Amino acid sequence: MVRLTVHLIAKSNSFSKACRSESLQQYLKKLTHLNFSNRSIEDIDDLSMCRNLTVLYLYDNQISQICNLGFASNLTHLYMQNNNISCIENLSSLHKLSKLFLGGNSITVVEGLDELKSLKELHVEGQKLPRGEKLVFDPRSICSLSETLCILNISRNNIDEIWDLAPLRKLTHLFATDNQLQDILELETVFSQWPQLRLLDLNRNPVSHKPKYRDRLITACKILEDLDGKQINELSRQFLIKWKASKDAKKKLDDGEDIKEQITNQLTTDFRVGPEHPFAHDRSSSLSKPSEYGKPGVTFRTDQVQGDSRGRRSRGMYIPVRTGRL
């Protein structure tokens, strides 16, 4: 097993060049950038002497767990893509971390980011997921990132909906290519909550083949500059926005006319008098009696229904007649 240790750092070329003028301890204390990518590393040892580390490159290794980074309170960039990591964990002390690269691992849940209050970029594309599964998002982590995250890469993760990402209202760039997104209305609803979105890439999703796909997303994202690798012309945007406003206004007017017609029809039905009307039935047992307070009661005439010359029944007119004292 290859472990990233202080001794391994001491054997590196960068230290060999500096060893003539300073000790290993001095070198580690001053170290800000450390690159051990593609070294077959499987584990990270205690590197607490590297307290000023700001950038750590550990991509293209065999690391299975994020660990022993609690010392790196000054770390701003962490590159751990293309490893064997299955869980996002042990990052709570990295309060200054602004860029996190975890693409090409085996992560199934985006979680453990609750304490990363400075994170602006998150890259979790191309996870090696079990067959038929998709990458999911822990709502607690997403809510924690709502005020800071600007760039998100979730491409190639079998994702079929993005409702859980709606709180990320500071997003400016979203890369979500090669997924299973299909609901254009869902995308319009979520993207309209991201007022700063400037770049959107949804290439090779089923939704990109829907009618008016491009037009609808351009009108939903007010300042979008690039959609699926194609720049958006400002004149085209303004035309589409005006077209949508006109269409919405017409729909609102049509809906109002429909409601008016329904009300008119209902009133016409309510005032029609005939055998089927509630007042057409004999209620003399309850309504023909004078009011107990001396007010006149109401009786109803129940004339026999006559037939016309063709044998059909014609509706009679039933007229209430007041009785009692005037």
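What counts as what
Residues numbered from 1 in each chain as written. Predicted model: local features only at pLDDT ≥ 70, side-chain atom pairs only at ≥ 80, totals over all residues. Heavy atoms only, no water. Core = buried A, V, L, I, M, F, W, Y, C linked by side-chain atoms within 4.5 Å. Buried < 20%, exposed > 50% of the residue type's maximum accessible area, 1.4 Å probe, protein only. Helix = DSSP H or I, 4+ residues; strand = E, 2+ residues; numbered from the N terminus. Contact = heavy atoms within 4.5 Å. Phe/Tyr/Trp six-rings, centres within 6.5 Å; stacked < 30°, edge-to-face > 60°. Pairing = 2+ DSSP bridges. Salt bridge = Lys/Arg side-chain N within 4 Å of Asp/Glu carboxyl O. Polar contact = N/O pair within 3.5 Å; in protein donor to acceptor, adjacent residues only side chain to side chain.

Digging into the nonpolar core
In terms of nonpolar packing, the biggest core is built from 70 residues, with Leu-100 and Phe-191 touching the most fellow members. Elements with a minimum of two residues in this core: helix H1 (6–10), helix H3 (24–30), strand S3 (41–44), helix H5 (184–191) and helix H6 (213–220). Among the elements that make up this core, the one with the highest residue count is H5 (four residues).

Section: the environment of Val-2
On the secondary structure map, Val-2 appears in strand S1 (residues 2–4). Given a relative accessible area of 32%, Val-2 falls into the partly exposed group. For the pair Val-2 and Asp-43, spaced 41 residues apart in sequence, the C-alpha to C-alpha distance is 6.9 Å. When sequence neighbours within four positions are dropped, the list of residues in contact with Val-2 reads Arg-39, Ser-40, Ile-41, Glu-42 and Asp-43.

Considering H5
Summarising burial for H5: six of the eight residues are buried, a large majority. Listing the buried residues of H5 in full gives Ile-184, Glu-186, Leu-187, Glu-188, Val-190 and Phe-191. Residues of H5 that are buried sit in contact with strand S11 (173–175), strand S12 (199–201) and H6.

Here's the deal with the packing of aromatic side chains
Geometry of an aromatic ring pair is reported as the spacing of the ring centres plus the angle between the planes. Within this structure, the stated rule accounts for four aromatic pairs. Relative to Tyr-59, the ring of Tyr-57 lies with its centre 6.4 Å away and its plane at 85°, an arrangement referred to as edge-to-face. Since its relative accessible area comes to 23%, Tyr-57 is described here as partly exposed. Accessibility expressed as a relative area gives 25% for Tyr-59, which makes it partly exposed.

Focus on the side chain of Thr-148
Turning to its location among the elements, Thr-148 is positioned in the loop between helix H4 (139–144) and strand S10 (151–153). Using a relative accessible area of 18% as the deciding quantity, one classes Thr-148 as buried. If near-sequence neighbours (up to four positions away) are discounted, Thr-148 is found in contact with Leu-116, Lys-117, Leu-119, Lys-120 and Lys-170.

Observations regarding the sheet that holds strand S14 (residues 230–231)
For sheets, the rule is that strands pair by backbone hydrogen bonds, running either parallel or antiparallel. Ordered in space as S2-S4-S5-S6-S8-S10-S11-S12-S13-S14, the ten strands form an open sheet in which the pairing is mixed. Where the open sheet ends on each side, the last strands, each with one partner, are strand S2 (33–35) and S14. Across three bridges, strand S4 (residues 55–57) lies against strand S5 (residues 77–79) in parallel orientation. Pairing of Leu-56 across the sheet is with Leu-78, part of S5.

Comments concerning the pattern of salt bridges
According to the stated counting rule, one finds eleven salt bridges in the structure shown. Here Arg-216 ties to Glu-188 by a salt bridge, and the two come within 2.6 Å at their closest N and O atoms. Of this pair, Arg-216 sits in helix H6 while Glu-188 sits in helix H5, placing them 28 residues apart in sequence. Among the residues examined, Arg-216 registers a relative accessible area of 27% and is labelled partly exposed. Owing to a relative accessible area of 13%, Glu-188 belongs among the buried residues under this scheme. Among the ionic contacts, a cluster of salt bridges with common partners joins Arg-3, Asp-43 and Asp-45.

Description of the side chain of Gln-127
By the element assignment, Gln-127 lies in the loop between strand S8 (121–123) and strand S9 (136–137). The class for Gln-127 is buried, based on a relative accessible area of 7%. Of the polar contacts made by the side chain of Gln-127, one reaches the backbone oxygen of Leu-102; its length is 2.9 Å. In terms of polar contacts, Gln-127 uses its side chain to reach the backbone amide nitrogen of Asn-105, at 3.3 Å. When residues no more than four places from it in sequence are discounted, the contact partners of Gln-127 are Leu-102, Gly-103, Gly-104, Asn-105, Ser-106, Ile-107, Leu-135, Arg-156 and Asn-157.

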